[in-house]
Amino acid sequence: LLSSAQIGAINYDQASALSSQQVQGISSAAISSFSSEKINQIINFNGLSASQVPNVTTEQISRLTSQQISVISADTFGVMTSTQIASLSAEQFAVLSTSQISVLPTLGIAALTAEILQQLSTEQISAFTNLQIPAINTAAIAGLSSTLIKALGAAQIGSLGTGQIQAIRSEIISAYEFITE
């Protein structure tokens, strides 16, 4: 195994030439030795193993391009830490697929801001599961547009906590019927 110092010495061209198998061979601790720029050169972020992903720093994640974010597998997103999820920018979050969103850990969801949620499409907002919805903070719920609120399904609305329901602006609630008999 290469040491952290050896990993840190890999240049940009070398980093981009690493195969998935080679990336998986890097120790979990050594993953954080890559500079953010070098992590950007590893196009196949999915080559990281489940034990390596939590060692990618928030700075490294924040430097991933939208294209790189969009191709990260749902399995990889499922093992990201809440701190890593919280480090995603609104622009990065906006390119997530519905399968990526549906596996986000609830602790990461709690850190999402209204700014991030406003960037989502109706398909993306409807991808949040009934277990994830209660984790969205009330300030973020309060910032949702009527279009995004309307995109939530009945089961998702039913999973909102009382504080979240109270955070929905009254003009949005009066504009839509959420309760069916």
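Residues numbered from 1 in each chain as written. Predicted model: local features only at pLDDT ≥ 70, side-chain atom pairs only at ≥ 80, totals over all residues. Heavy atoms only, no water.

Q: Tell me what's going on with the overall build of the protein chain, and back it up with residues and numbers.
A: Along its length, the protein chain carries 19 helices and 0 strands. When the accessible area of the protein chain is evaluated, it comes to approximately 8,700 Å², of which 54% is carbon and sulfur surface. (Helix = DSSP H or I, 4+ residues; strand = E, 2+ residues; numbered from the N terminus. Areas by Shrake-Rupley, 256 points an atom, 1.4 Å probe, with all protein chains shown as cover.)

Q: Go over empty space enclosed by the protein, please, and point to the residues and values.
A: A full pass over the atoms with the stated rule returns 1 cavity of 30 Å³ or more. Considered as a void within the structure, the largest cavity measures approximately 30 Å³ in volume. Along the walls of the largest cavity sit I125, I133, I136, I141, L144, L152 and L160, which together make up its complete lining. The residue inventory of the lining of the largest cavity, partitioned by class, reads 7 nonpolar, no polar and no charged. (1 Å grid on protein atoms, 1.4 Å probe; cavity = no way out; pocket = protein on both sides within 12 Å on 5 of 7 lines; lining within 4 Å. Points joined across faces, edges and corners; volume = space filled by probe spheres on them. Nonpolar A, V, L, I, M, F, W, Y, C, P; charged D, E, K, R; others polar.)

Q: Please give an account of the confidence of the model for the protein chain that cites residues and values.
A: Of the residues in the protein chain, 86% reach a pLDDT of 70 or more, and the chain-wide mean stands at 83. Per-element mean pLDDT across the protein chain ranges from 62 in helix 5 (residues 36-41) up to 96 in helix 14 (residues 122-125). (pLDDT = per-residue confidence, 0-100.)

Q: Give a description of the environment of Q100 that names residues and reports values.
A: Note on placement: Q100 falls in helix 11 (residues 98-101). Overall, the relative accessible area of 1% leaves Q100 in the buried class. Each C-alpha atom, one on Q100 and one on Q124, is 9.4 Å from the other, the two residues being 24 residues apart in sequence. Contacts of Q100, omitting those with residues within four sequence positions, involve I69, S70, V71, I72, A74, F77 and V95. A polar contact of 2.6 Å, which involves the side chain of Q100, links it to the backbone oxygen of I72. (Buried < 20%, exposed > 50% of the residue type's maximum accessible area, 1.4 Å probe, protein only. Contact = heavy atoms within 4.5 Å. Polar contact = N/O pair within 3.5 Å; in protein donor to acceptor, adjacent residues only side chain to side chain.)

Q: Tell me about the side chain of S159, and please be specific about residues and values.
A: Positionally, S159 belongs in the loop between helix 17 (154-158) and helix 18 (162-167). Assessed through its relative accessible area of 16%, S159 is described here as buried. Once residues within four sequence positions are removed from consideration, S159 is found in contact with N130, I133, P134 and Q164.

Q: Go over the side chain of Q84 with me, naming the residues and quoting the values.
A: Tracing the backbone shows Q84 in helix 9 (residues 82-86). Of note is the side chain of Q84, whose polar atom sits 2.7 Å from the backbone nitrogen of T81. Residues contacting Q84, with those up to four places away along its chain left out, are V53, P54, N55, V56, T58 and I61.

Q: Can you tell me about the environment of T106, naming the residues and giving the values?
A: With respect to the element layout, T106 can be found in helix 12 (residues 106-110). Accessibility expressed as a relative area gives 37% for T106, which makes it partly exposed. As a C-alpha pair, T106 and I136 span 30 residues in sequence and 8.1 Å in three-dimensional space. Setting aside anything within four residues of it in sequence, one finds T106 in contact with L131, Q132 and A135.

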